[in-house]
Each structure stands twice: as C-alpha cells, then as structure tokens.
Amino acid sequence: LWRGPHTTDCPGTQSEQAGKVSSCEGCPNQKLCASGATKAPDPAIAEIGEKLATVKHKILVLSGKGGVGKSTFSAHLAHALASDSTKEVALLDVDICGPSVPRIMGLEGEQVHQSGSGWSPVYVEDNLSVMSIGFLLSSPDDAVIWRGPKKNGMIKQFLRDVDWGDLDYLIVDTPPGTSDEHLSIVQYLSATNVDGAVIITTPQEVSLQDVRKEIRFCQKVKLPIIGVVENMSGFVCPKCKNTSQIFPPTSGGAEKMCADLDLPLLGKVPLDPRIARSCDEGRSFLNEIPDSPAAQAYQRIVQSIQEYCSNNETAQSTT
Amino acid sequence: ISIVSSCEGCPNQKLCASGATKAPDPAIAEIGEKLATVKHKILVLSGKGGVGKSTFSAHLAHALASDSTKEVALLDVDICGPSVPRIMGLEGEQVHQSGSGWSPVYVEDNLSVMSIGFLLSSPDDAVIWRGPKKNGMIKQFLRDVDWGDLDYLIVDTPPGTSDEHLSIVQYLSATNVDGAVIITTPQEVSLQDVRKEIRFCQKVKLPIIGVVENMSGFVCPKCKNTSQIFPPTSGGAEKMCADLDLPLLGKVPLDPRIARSCDEGRSFLNEIPDSPAAQAYQRIVQSIQEYCSNNETAQSTT
C-alpha cells in the first residue's frame, strides 16, 4: 500500500535535503545543492523588507480553488478602501499566467514606466495604483508560459522594484493553488509585517476541499487568516425573485467549514449577473449597483477587514 | 520595461548555460513506450480556473466508458487542487503498487482514475510543492502507472500555462496526442485567459479539438426565465471561436444539479440525462469521439 509521494522528485534547492537524497542522484545540480550554496538567504528579502516598511497594511487574497472570485474581490476591496481619499491603496496581481486584474480595474492596454526610483505602478485614481504582468505584455492575449523559477523572479521584482510609495494598504491578488507563487509571496514578504489573508470560496464541497488546503498552507507558513468570504452564495431570479443555489452547499458551505476550523466567516455574497458584467467592463460594481445585496455584502466584508487591520495597528503600537 | 533575465543570480546559471541540463530526459522515451497501447489521448485545458475542466473531464470519461467495449482512464495532473477523486466518487480510495507499477483506481471495470488525491492521508492535506516537484509527480503518473491497454486517456489539468502544462506536453512528446479540449465560460475575463491557453497550444503544436462554453446561461427552475449570470459581453466563446477559426463544440447551461452531482461523486449524465446540460454534454462527447476516430483513420492510412 503506497501512501506518500515517491522520493524520486526534487526536494527543492532550499530544502535540508537539497543534493542529499536519492532523487538527487543524476541531477546535474547535485554537488551544488549539497554544498549549501543554494540555501544562502536571498538578499532580496531584506531589500523588500526595507522597501515595504512604509506600507502599513498588507493583505493577501487567496483560495485553493480557481474561479471563485479572488480577483473580483481583490479589485473591489481596493476600490472600497480607496473610496477614503485620505488612504493610499495599491493592488498587486501575482497571477502570472492568468492576470485578470488589469481588465477588472479598467486598465487594459496601460503600460508600466520606469523611473529613477523604480517601476511606476498604474494609477486608477490618485490614491489607487495597480501592478500586474498584464501591463508588461505587448497584447492581452500573449501567453506567459513560464515555469516556477521565472514566475518567482517576476514576483520578486514586483515587490522589490516597483515604486509603491507610502501606502496604507497593499492588497495582493494570487492565482489558485499552493505552489510557487504562494510560497514566493510569503517568502519575499517574510521581512515585513503581513496583516493576514482573506480566503475566498464558493459554497460547494469541491471548492471547500481545495480551500481547506489553502487554510492548511496559511497555518504552515504562519500567515494569519483574517477570514473567509463565500461568493456565488445563491442566485435570486430577477424576474420571479426565487432563490436558486446554483453551487449548493452540500456539506454546509463556508459557514460549516468556518465553524469547524474556528475561522471568521466575513460574509456571503450572492451571484449577480451585473458583477461579471462590471468586471468585464472594468468598472466597480460597488459604484454601479451600490444598493444591491451583493454590493452591500461586500461593504460589510470590507468593514470587517478594516477593523481587523486597525486592531492590528493598535496592537503593534502598544507593544 | 524589459523583464530582467531570470537566470542572473541563479546558482545554476553556469551549469544550465553549459548545456548539461539539456540532455533529453530518458523518461520521455519510456513514457512513449508505455503509452504506445493508449489509442487516444485528450488533454482538457483552460487558462481560467473554475470553468468546469474537472467536471468536464470526469463526465467525458463516464460518457466514453458507457461503451463497455472501450477502456477509459482519467489522469488528474492538478497537484494542488485535485478535484477528480471527489467528482468520480472515489474519495478515500488508495493506490496500490504491484510488480507492473502503480495500479489506478477503478470506478467501473473499464474506467480507471489516477490523482494525487489518492496519495494523501487526508483529502484536506495540502500539497505545497514548487514546480520541479510537481513535474516529478507528473512524470511518475505517466511512467509508473499500470494503465493497461486503453482506448482513451483523458488528462485533466489545473488552470494556467506553467509547469504542469509544459511538463505534460513534454512527457507526452514521444506519443501521439489527439488534441486538447478547451473549456471556458462566456465572460471576457475568462476568454482573456483562454486565448492565452490557445496560444500555448499553438506554441507547443498541440492540436485543438474544440472549445466548450460552460455556465452558458441559467434557466430559473420556477419561472423559466433565462439569466446570463456570466454575460458574454464580448460575444462569448462563439465569437472567440469564429475569430480564431476553432470549433465550438457546444454550450452547456448552468444547472444546480451539476454541482450537486459533482459534490456527491455521481455522474449527472446518469442522474439528469434529459436535462439540457446533459444533452449538450452528450453532443460534445460525440464530436470528440468523431474527431478521435477520424484521427485513427488518418493514421492507419498513412
């Protein structure tokens, strides 16, 4: 009976086992890894720590599952936080293969400029800026077909080389999964203070199964979880007002998962066709349909996140 | 803006530049031999997450295996978020090792499945691996699983154009892959990612069997009004396929019973066979079967 991964795979150049286990035999890098040369701390981590010292709050938006509304949520969290014109907000998109943020923020076709102080992010409002690999492509249809190490390098540059300025909030949108992008963002932010992660899910068990893995990831890397958002939580027919559970919470939805894992459920957002339309059109549905149940749910969730962050601030200043 | 060369500063730079890392991987030839008895190989891809790749892969497998004379297998190469065991009703199953390799898990006599999900102690265990480790696992799935003689091998993938996608194509490069089925939903945010996946297929010379548009409208069960929950603001898959000269295999409406069936590990093709969704799927499966059998004919006449 075979229970765990076979040891013919690469343990990773940073691992204790680098160069030393049976799977390393025959790898051209074996001597190098075994010598410890690959385990020297990356100087970029300290540089990033310095660079982001003027960023008060950092929030990661994660999900184990794809297509649950991470980018939609990240973008609207950014809009909502920036609606206070005294706050400086930035949104960093580290989805290298499928960067949706430029489209959702209405910034398709924008370019990044380089100045003496680094790359300048793209400004949506005076107090709201965005960075994504989407801005570095010749065409939005260009595929970025990169393996892990190249993606990691890009993420490092986003954190080290972008001239974010002083920020109240840096929101980081991620792709689905628990792999290179996720390990790298946590690693490169390890010399900074990250407030925590917002976990996005939809109600069905197939999603929750992946999301529980993401929660385990957060626990493993000691990333605090601000709470969970359940998107696509029911659909109200615009004609007859009947509610359908299109993605039924067969195992109790996010509510039960949060109860089981002792995590805050920040809110449940219903499906609304105007959300996807707004995203396609690059407009904030918080402005387009402010009185909708979905927009109101989002606003309550944003408020919880603001309170969490300001409690963090108080906690830090009293230590 | 020029993206700084990612090789600078990498401790392996000199080694890679010397060409030592470019020797062909012997596993590629081994896999070519091992899969010589697999008649048809179909990859299910999407640039976008959550559009129904695993749902589609699982039901394609069920549909092809409904012909008891066909041997069908489903390989799940989503290492971080393996949904296939759940959808196939195989949660908790384990993989056994024999003299001829790892045995896949059988759903039916003629339908087997392999996923990293079967190798975890608990379905909630996170697989937190970087690219090279994931690639190693995919290699093992192809080289070490005792698939037997198959009519169809379906490969379900995670979203993106990265390690898993490059690796599956690379490791299958000594075999004949019929092509890829591309899954999308109607909205532009999805299509944007899907166009990248199509570019990927073109770059690696992977034929595209066609495109499936999931979540294509929702009919209210009470008043029968159709809502476009994910509106095709830029013309949906239909326009994209017209622009890129690709076949649109079909459009599948949203049906709450689909997600429920997946959660419960049952095939909705059996549960709700008369639903518009199931009928759409059956037509799509038929197109795929025809494509594959045309390939067979083409190959036997060359």
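Residues numbered from 1 in each chain as written. Chains lettered and ligands numbered in written order. Predicted model: local features only at pLDDT ≥ 70, side-chain atom pairs only at ≥ 80, totals over all residues. Heavy atoms only, no water.

An unreviewed UniProt entry annotates chain B as NUBP iron-sulfur cluster assembly factor 1, cytosolic of Neogobius melanostomus.

Named according to an unreviewed UniProt entry, chain A is NUBP iron-sulfur cluster assembly factor 1, cytosolic originating from Neogobius melanostomus. Reading the Sequence similarities (unreviewed entry) entry of the UniProt record for chain A gives the comment "Belongs to the Mrp/NBP35 ATP-binding proteins family. NUBP1/NBP35 subfamily." Comment text from UniProt for chain A, heading Subunit (unreviewed entry), reads "Heterotetramer of 2 NUBP1 and 2 NUBP2 chains." (UniProt positions renumbered as here; feature names shortened; annotations may be inferred.)

**Student:** Please give an account of the overall build of chain A that cites residues and values.
**Tutor:** From N to C terminus, chain A includes 11 helices and 12 strands. A compact globule built from 319 residues would reach a C-alpha radius of gyration of about 20 Å, and chain A, at 21 Å, matches this within 12%. Taken along its principal axes, the extent of the C-alpha atoms in chain A is 70 × 60 × 50 Å. A buried classification covers 59% of the 319 residues belonging to chain A. Taking all contacts inside chain A whose residues are at least 6 apart in sequence as the whole, residues at least 24 apart take part in 75%. Summing over all exposed atoms, chain A offers an accessible surface of approximately 12,600 Å²; the carbon and sulfur share of this is 47%. Across chain A, the mean location of the 29 positive side-chain charges is 7 Å away from that of the 38 negative side-chain charges. (Helix = DSSP H or I, 4+ residues; strand = E, 2+ residues; numbered from the N terminus. Rg over C-alpha atoms; globule rule 2.2 N^0.38 Å. Buried < 20%, exposed > 50% of the residue type's maximum accessible area, 1.4 Å probe, protein only. Contact = heavy atoms within 4.5 Å. Areas by Shrake-Rupley, 256 points an atom, 1.4 Å probe, with all protein chains shown as cover. Lys, Arg positive; Asp, Glu negative; His and termini not counted. Charge placed at Lys NZ, Arg CZ, Asp CG, Glu CD.)

**Student:** Would you mind going over the UniProt feature "binding site: [4Fe-4S] cluster 2" (unreviewed entry) in chain B in detail, with residue names and values included?
**Tutor:** With numbering matched to this structure, UniProt assigns "binding site: [4Fe-4S] cluster 2" (unreviewed entry) to Cys 220 and Cys 223 of chain B. Positionally, Cys 220 of chain B belongs in the loop between β10 (218-219) and β11 (226-227). For Cys 220 of chain B, a relative accessible area of 1% gives the class buried. Every residue in contact with Cys 220 of chain B, bar those within four places of it in the chain, is listed here: Cys 237, Cys 240 and Asn 242 of chain A together with Asn 225 of chain B. On the secondary structure map, Cys 223 of chain B appears in the loop between β10 and β11. A residue is classified by how much of its surface remains accessible, and Cys 223 of chain B, at 26% relative accessible area, is partly exposed. Setting aside its immediate chain neighbours within four residues, Cys 223 of chain B contacts Cys 237, Lys 239 and Cys 240 of chain A.

**Student:** Let's hear about the interface of chain B and chain A: which residues, and what values?
**Tutor:** Listed by partner, the interface residues are 79 residues for chain B and 81 residues for chain A. In this assembly, chain B and chain A are joined by 8 salt bridges. Taken together, the links from chain B to chain A amount to 31 residue pairs in polar contact (both at pLDDT 80 or more). Those elements giving two or more residues to the side of chain B that touches chain A turn out to be α4 (84-87), β3 (96-98), α5 (131-144), α6 (163-171), α7 (188-203) and α9 (256-264) of chain B. (Salt bridge = Lys/Arg side-chain N within 4 Å of Asp/Glu carboxyl O. Polar contact = N/O pair within 3.5 Å; in protein donor to acceptor, adjacent residues only side chain to side chain.)

**Student:** Provide a residue-level description of the state of the cysteines, including the pertinent values.
**Tutor:** All names here are of chain A. A complete count under the given rule lists 0 disulfides over all chains for this structure. Considering cysteine sulfurs only, Cys 218 is the nearest to Cys 309, which forms no disulfide, with 15 Å between them. Residue class for Cys 309 comes out buried when judged on its relative accessible area of 0%. (Disulfide = S-S within 2.5 Å.)

**Student:** So what about the confidence of the model for chain B? Which residues, and what values?
**Tutor:** For any part of a model where pLDDT is low, the fine detail of the predicted coordinates should not be relied upon. When pLDDT is averaged along chain B, the result is 93; 94% of the residues meet or exceed 70. In the predicted assembly, ipTM is 0.92 and pTM is 0.92. (pLDDT = per-residue confidence, 0-100.)

**Student:** So what's going on with the pattern of salt bridges? Residues and values would help.
**Tutor:** Pairing of side chains with opposite charge becomes possible as their charged atoms draw close. Scanning all chains against the criterion turns up 34 salt bridges over all chains. The partner of Glu 188 of chain B in a salt bridge is Arg 103 of chain A, with the nearest N and O atoms 3.7 Å apart. A residue pair is termed interchain when its members come from two chains, as with Glu 188 of chain B in helix α7 and Arg 103 of chain A in helix α4 (residues 101-104). Glu 164 of chain B is paired through a salt bridge with Lys 134 of chain B; the nearest N and O atoms lie 2.8 Å apart. You can see Glu 164 of chain B sitting in helix α6 and its partner Lys 134 of chain B sitting in helix α5, a full 30 residues away along the chain. A relative accessible area of 6% means that Glu 164 of chain B is categorised as buried. Exposure remark for Lys 134 of chain B: the relative accessible area of 5% places this residue in the buried category. When salt bridges that share partners are traced, they join Arg 103, Glu 108 and Asp 141 of chain A together with Glu 188 and Arg 195 of chain B into one network.

**Student:** Please provide a residue-by-residue account of helix α2 (residues 26-34) of chain B, values included.
**Tutor:** All names here are of chain B. Turning to α2, its buried residues are Ala 27, Ile 28, Ile 31 and Gly 32. Seen from one end, α2 has its buried residues packed into an arc of 145 degrees, which puts them on one side. Exposed residues on α2 whose side chains face more than 90 degrees from its buried face are Pro 26 and Glu 33. Its side-chain oxygen placed 2.9 Å from the backbone nitrogen of Ala 27, Asp 25 serves as the N-cap of α2. (Arc of directions from axis to C-beta.)

**Student:** Describe the packing of helix α5 (residues 148-161) of chain A against helix α6 (residues 180-188) of chain A, listing the residues and the values that go with them.
**Tutor:** All names here are of chain A. Direction vectors running N to C along α5 and α6 enclose 35 degrees, while the axes themselves pass 9 Å from each other. Every pair of crossing elements has a handedness; the one defined by α5 and α6 is right-handed. Contact residues: α5 offers Gly 148, Lys 151, Asn 152, Ile 155, Lys 156 and Leu 159, while α6 offers Asp 180, Glu 181, Ser 184, Ile 185 and Tyr 188. Of the residues assigned to the contact of α5 with α6, the class counts are 4 nonpolar, 3 polar and 4 charged. (Axes fitted to C-alpha atoms, helices over the stretch in contact; angles between N-to-C directions. Left-handed = near helix turned anticlockwise from the far one by under 90°. Nonpolar A, V, L, I, M, F, W, Y, C, P; charged D, E, K, R; others polar.)

**Student:** Help me get a handle on unusual backbone geometry, residues and values and all.
**Tutor:** For Asp 262 of chain A, which is not glycine, the phi torsion reads 55 degrees and is therefore positive. When you line up the elements, Asp 262 of chain A lands in the loop between α8 (253-261) and β12 (265-268). With a phi close to 55 degrees, Met 215 of chain B is a non-glycine residue in the positive phi region. The residue Met 215 of chain B is located in the loop between β9 (208-213) and β10 in this model.

**Student:** Can you break down the sheet that holds strand β7 (residues 167-173) of chain A residue by residue, with the values?
**Tutor:** All names here are of chain A. Pairing in this open sheet of 8 strands is mixed, and the strands run β5-β6-β2-β7-β1-β8-β9-β12 from one edge to the other. The sheet is open, and its two borders are formed by β5 (122-125) and β12, each paired with just one other strand. Going from strand to strand, the sheet's axes swing by 20 degrees on average, the running direction of each strand aside. Where strand β8 (residues 196-201) and strand β9 (residues 225-230) come together, 5 bridges link them in parallel fashion. Directly across from Ala 197, in β9, lies its bridge partner Ile 225. (Pairing = 2+ DSSP bridges.)

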